[in-house]
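Residues per chain are reported as follows:
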Amino acid sequence: MSMTRKIASISQLSMGHLCNKKIGIILFGLCVVIFIRVLLNTTVSRGTNSFSIPLSHSKLRFEPWTRDEDFSRLDKDRVFPSTSYKKIIILSYMRSGSTLAGDLIQSHPDVFYVYEPLLYLWDYYVPNKMDVTQHLRRRTKAFWKAAKLHVVSPLDFMTYMFNCNLTANNLKFLTNTAHSRDFRLGNCPIYKNGMHIVKTSDYCVNTVTKRCFEAKSVLLKVVRLTMAEADRYMERDPDVKVIHLVRDPRGVLLSRMQFNDKETGEMHNNYSNICKRILEDVRLSQTITYKHRGKILTIRYEDLAQNLEGYTRRIFKFLDLPMGHQVLQHLKAITSSQDILPNKKIKAKKTRRKNPYKTAYKWRSVLSFPLVKKIDKACEGLYMIMGYRHFVTEADLRNENVSARSKYYGDGLFTAVL
């Protein structure tokens, strides 16, 4: 009997010890969770776009909204957001005509335009870009470093813009907003210490946010987005439409040389990089066209420049936007005058051109024939798909009666052909 009682006693002690151990583990786990939450005090939810950070870091606070929320907290006059609106992305490359395309689309009164929302945020994600010394990029990195936050991804930041999440702190990451009519109306763009930044006054924030909520379309123009990322974004939001604007790389090269006022640089020494990127985007677009049927329009800048009104109509038809008299007046205005510098050169960042087609093909009279041949060799894969032509002789290169592109191109693409 004594032996049985001892065994029972030992069993009870073991069970009690095991229970106490389990309770201890659970309590320890809860303490760890609470400690981490207190330490980070940060929550991120991509589905609802919620993003909160510690009060000590509130100067960089993201305060996302959706277009279904009450707007009255920003303005005493309550504004009810649109129940349905279009989301548009211009996907292009530096010096490829995307500023012109954005300017044309924003001439429609129902379009709200955000110029290059990823211009400086994107560099955080690009390898070997953390040592960039340009003022605006240093300023942007300083914001992130001071807040010590989980850096929002470029695709999430695009969602903020589409959802009219135009808080003062989000606007700090925008630049060159003078390109947007809506930001100009809000007196947002300022030039300070050599930087094009946003004056995040209450008037600016309220004006652009109200305008964004009232707009029936939101347009983002980006040159720091690949087609692969656009594909991911369209899977996330199937309501988005993409205009893929491509320019002859020979024209891109000359424009970049003039823009930077030098003959050395990222593309000038390596022609294959830009062509490789465009070719990858075009090939992927051929692959995903079936998945995003009717959502990706490929257009060549040279076609747009040659027939500005015709291709603008084609773009507006793709976007299901009516082409009213405001758009036609804008087309007339940008082709009746041009912005000239004191040295009589045309301003590189402006879209007014009396003859945009002549500007598009200026490279044919400026670039040397040996340089053109080098670009042709490096970009032959892109030429084949996009219908750009090689020049066998310099005489053909200089002869404007010899076309530099074929009429039909882009097998497998949804292209803008009149």
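Scroll up to find the structure.
Now for a look at the structure at hand. It should be emphasised that the depicted structure is a prediction, and the values quoted were computed from it without experimental measurement.

Each helix and strand counted, the protein chain has 18 helices and nine strands in total. With 418 residues in all, the protein chain has 48% of them scored as buried. Long-range contacts, defined as pairs at least 24 residues apart, comprise 72% of the intrachain contacts of the protein chain with a sequence gap of at least 6. Of the accessible surface of the protein chain, which amounts to about 21800 Å², a share of 55% is contributed by carbon and sulfur atoms.

To continue, consider the environment of Tyr 113. Here Tyr 113 shows up in strand 4 (residues 111-115). Take Tyr 113: its relative accessible area is 1%, and that puts it in the buried class. Along the primary structure Tyr 113 and Lys 221 are separated by 108 residues, whereas in three dimensions their C-alpha atoms are 7.9 Å apart. Other than its neighbours up to four places away in sequence, Tyr 113 contacts Gly 102, Gln 106, His 179, Ser 180, Asp 182, Phe 183, Leu 219 and Lys 221.

Now for the side chain of Arg 405. One can find Arg 405 in the segment after helix 18 (394-398). Accessibility expressed as a relative area gives 9% for Arg 405, which makes it buried. Within the local environment of Arg 405, its side chain forms a polar contact with the side chain of Tyr 361, the two groups lying 3.2 Å apart.

Okay, the nonpolar core next. Within the largest apolar cluster, 98 residues are counted, with the highest numbers of intra-cluster contacts made by Ile 89, Ile 105, Phe 112, Leu 171, Leu 225, Leu 367 and Met 386. It is helix 10 (residues 271-288) that contributes the most residues to this core, seven residues altogether. Leave out the neighbours within four places in its chain, and Ile 89 touches Met 158, Phe 162, Leu 220, Val 222, Leu 225, Tyr 233, Val 240, Lys 241, Val 242 and Ile 243.

What follows deals with the packing of aromatic side chains. Centre-to-centre distance and the angle between the planes together describe a pair of aromatic rings. The final tally for this structure, using the stated rule, is nine aromatic pairs. Arranged with centres 5.9 Å apart and planes meeting at 40 degrees, the rings of Phe 112 and Phe 183 form a pair that is tilted. Of the two residues, Phe 112 sits in strand 4 while Phe 183 sits in helix 6 (residues 181-185), which places them 71 residues apart along the sequence. Note on Phe 318 and Phe 414: the rings are 6.0 Å apart at their centroids and 55 degrees apart in plane angle, and the pair reads as tilted. On the criterion of sequence distance, the pair formed by Phe 318 in helix 12 (residues 308-318) and Phe 414 in the segment after helix 18 is long-range, its members being 96 residues apart. Taking the relative accessible area as the measure of exposure, Phe 318 reaches 5% and is therefore buried. One Lys or Arg, Lys 241, reaches over the ring of Phe 318 and ends 5.0 Å from the middle of that ring. Positioned above the aromatic ring of Tyr 388 is the side chain of Arg 300, whose terminal nitrogen or guanidinium carbon lies 6.0 Å from the ring centre.

What counts and how
As a convention, each chain's residues are numbered from 1 in the sequence order in which they are written. This being a predicted model, a pLDDT of at least 70 is required before a residue's local features are given, and a value of 80 or more before pairs of side-chain atoms are given or counted; all residues contribute to the totals for chains, interfaces and linings. To obtain the side-chain values, all non-hydrogen atoms of the structure were used and water was disregarded. By the criteria applied, helices consist of DSSP H or I runs no shorter than four residues and strands consist of E runs no shorter than two, each listed in order from the N terminus. Each residue is placed in one exposure class: buried if its accessible area under a 1.4 Å probe, protein chains only, is under 20% of its type's maximum, exposed if it is over 50%, and partly exposed if it falls in between. Two residues form a contact once any of their heavy atoms are found within 4.5 Å. Shrake-Rupley sampling with a 1.4 Å probe provides the accessible areas, and residues are treated as covered by the protein chains on show and by no other component. We define a polar contact as two N or O atoms separated by no more than 3.5 Å, with the added condition that, inside protein, one atom must be a possible hydrogen donor and the other a possible acceptor, whereas residues neighbouring each other in sequence contribute only through side-chain atom pairs. Joining through side-chain atoms within 4.5 Å is the link that ties buried Ala, Val, Leu, Ile, Met, Phe, Trp, Tyr and Cys residues into a set, and such a set is a nonpolar core. The aromatic pairing rule takes the rings of Phe, Tyr and Trp, using the six-membered ring of Trp, and pairs them if the centres are within 6.5 Å, calling planes under 30 degrees apart stacked, those over 60 edge-to-face and the rest tilted. Counted as over-ring charges are cases with an Arg CZ or a Lys NZ within 6 Å of the ring centre that also lie within 35 degrees of the ring normal.

By themselves, these observations are geometric and do not establish any function.
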